[in-house]
Amino acid sequence: MRLTGLSSESVWTGLSVSTTVTNASTRPGLRLPGRVTLTAGGEDVPVRHLRLGLVAQLEPEDPDAPRRLVQYHQVPVAGRFVVPAGRRRAVDFAFPLPWETPVNMFGGVPLMSLRHGLRTEVSVDPDLDQGAMVPIFIHPLPAQQGILAALDTLGFVMRQAGLQHGRLPGVEQTLPFYEQLGYWVAPLYAGPITELEVIFVTNSAGLEVLLWMNRRLSLAGVTHQSISRFRAWHAGAAQRDWVATVDGWLRHAIDRHAAAAAHADWSAMIRESAHVSRHPDEPVQPGFGLQGTAGGGGGIGGGGGGDGT
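Reading the values: the criteria
Residues numbered from 1 in each chain as written. Predicted model: local features only at pLDDT ≥ 70, side-chain atom pairs only at ≥ 80, totals over all residues. Heavy atoms only, no water. Helix = DSSP H or I, 4+ residues; strand = E, 2+ residues; numbered from the N terminus. Buried < 20%, exposed > 50% of the residue type's maximum accessible area, 1.4 Å probe, protein only. Contact = heavy atoms within 4.5 Å. Areas by Shrake-Rupley, 256 points an atom, 1.4 Å probe, with all protein chains shown as cover. Polar contact = N/O pair within 3.5 Å; in protein donor to acceptor, adjacent residues only side chain to side chain. Core = buried A, V, L, I, M, F, W, Y, C linked by side-chain atoms within 4.5 Å. Phe/Tyr/Trp six-rings, centres within 6.5 Å; stacked < 30°, edge-to-face > 60°. Lys NZ or Arg CZ within 6 Å of the ring centre and 35° of its normal.

K.L.:
Help me understand the overall build of the protein in this model?
P.N.:
When its secondary structure is counted, the protein shows three helices and 21 strands. Going through the 309 residues of the protein one by one, you find that 46% of them count as buried. For the protein, the proportion of contacts with a sequence separation of at least 24, taken over those separated by at least 6, is 62%. As presented, the protein carries roughly 15,200 Å² of accessible surface, and 53% of it is formed by carbon and sulfur atoms.

K.L.:
How should the environment of Tyr189 be read in this particular structure?
P.N.:
Considering the arrangement of structural elements, one finds Tyr189 in the loop between β17 (177-184) and β18 (195-202). The sequence separation of Tyr189 and Arg251 amounts to 62 residues, and the corresponding C-alpha distance is 8.1 Å. Discounting chain neighbours no more than four positions away, the residues touching Tyr189 are Leu154, Phe156, Asp247, Leu250, Arg251 and Ile254. Here Asp247 takes part through its side chain, which lies 2.5 Å from a polar atom of the side chain of Tyr189.

K.L.:
What is the right way to look at the nonpolar core in this model?
P.N.:
Among soluble globular proteins, nonpolar side chains are generally buried collectively. Core analysis: the biggest nonpolar cluster contains 69 residues, and Leu38 and Phe156 have the highest contact counts within it. Per-element tally for this core: the top contributor is helix α3 (residues 242-277), with six residues. Setting aside residues no more than four positions away along its own chain, Leu38 makes contact with Leu15, Ser16, Val17, Val47, Leu50, Phe81, Val83, Arg87, Arg88, Arg89, Val91 and Val122. Grouped together as the second largest cluster of nonpolar side chains are eight residues, Leu168, Val171, Val201 and Leu210 included.

K.L.:
Would you take a moment to explain the packing of aromatic side chains for this structure?
P.N.:
Two measures describe an aromatic ring pair: the distance that separates the ring centres and the angle between the ring planes. Per the counting criterion, the structure on display carries five aromatic pairs. With centroids separated by 5.1 Å and ring planes inclined at 15°, the aromatic side chains of Phe230 and Trp249 adopt a geometry described as stacked. Within this pair, whereas Phe230 is found in strand β20 (residues 226-233), its partner Trp249 is found in helix α3, the two being separated by 19 residues in sequence. For the pair Phe230 and Trp249, one class covers both residues: buried. Every member of this aromatic cluster is reached through a ring pair, and the members are Phe156, Tyr183 and Tyr189. For the cation-ring pair, Arg89 lies above Phe81, with the distance from its terminal atom to the ring centre recorded as 4.4 Å. Seen from the ring of Trp242, Arg240 lies directly overhead, with NZ or CZ sitting 4.9 Å from the centre.

Here it is, written out as structure tokens:
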């Protein structure tokens, strides 16, 4: 999907501002080219600064609250200058996108209701105007594309796409949020898990891939959750067999998930056995039953088998 010439325009007394993006379709880590055009009215207009910012729609911490637009990455484009009366001033830019910029397109189709845009901020004494938002369309990098296509091939059905505010333990992040793609599990992998959430945290070398299993059911108290972490490199991504890779990741992660569940069941059985067999007057022996148990919550795992080489 190639979109060209998208623009927004903001007008207030004495100055109009129009932002045009040459090609609104791009990928994380690339530069987004475009131009900001400022037109003065009947008087000279002194501009203090001109900035561009990325805006995204974040999921609220309260599930009943509406989504909110947040500006999370801002770059200065120009410092002080004057737009003469009746004249125009054009400022070209090549806006750098962070590697962690969330993907909101897959296969030429928007990912659910994810909104993403570029907003222009113009400071004119004493006003500050943030202007309208130019929509932009972030397509997956080759490794991300391969993983998403593999999940589709393996039978996973996407049910949700959203941006969650917060930090992931054990993962280096530069942005204050992460993208979460939720799936109904494919029939081939059903049983130990019902739902899967996929998280990408990308940098210039590659990406961390987190497979988060049964998070929502765990929050509801139905079962336990687990997270397995894998790594993939950008180099050679186009030539990799992603179906085999993702299948291997899933099987490894599901084995860990099932083992955690079995351990939790075994611990519960030991606790119950200790409770039933002990006489009310018999003291609890040190180290018996209640010590060394695990709740099966499953923190960030090393994940094993997945360095992306």
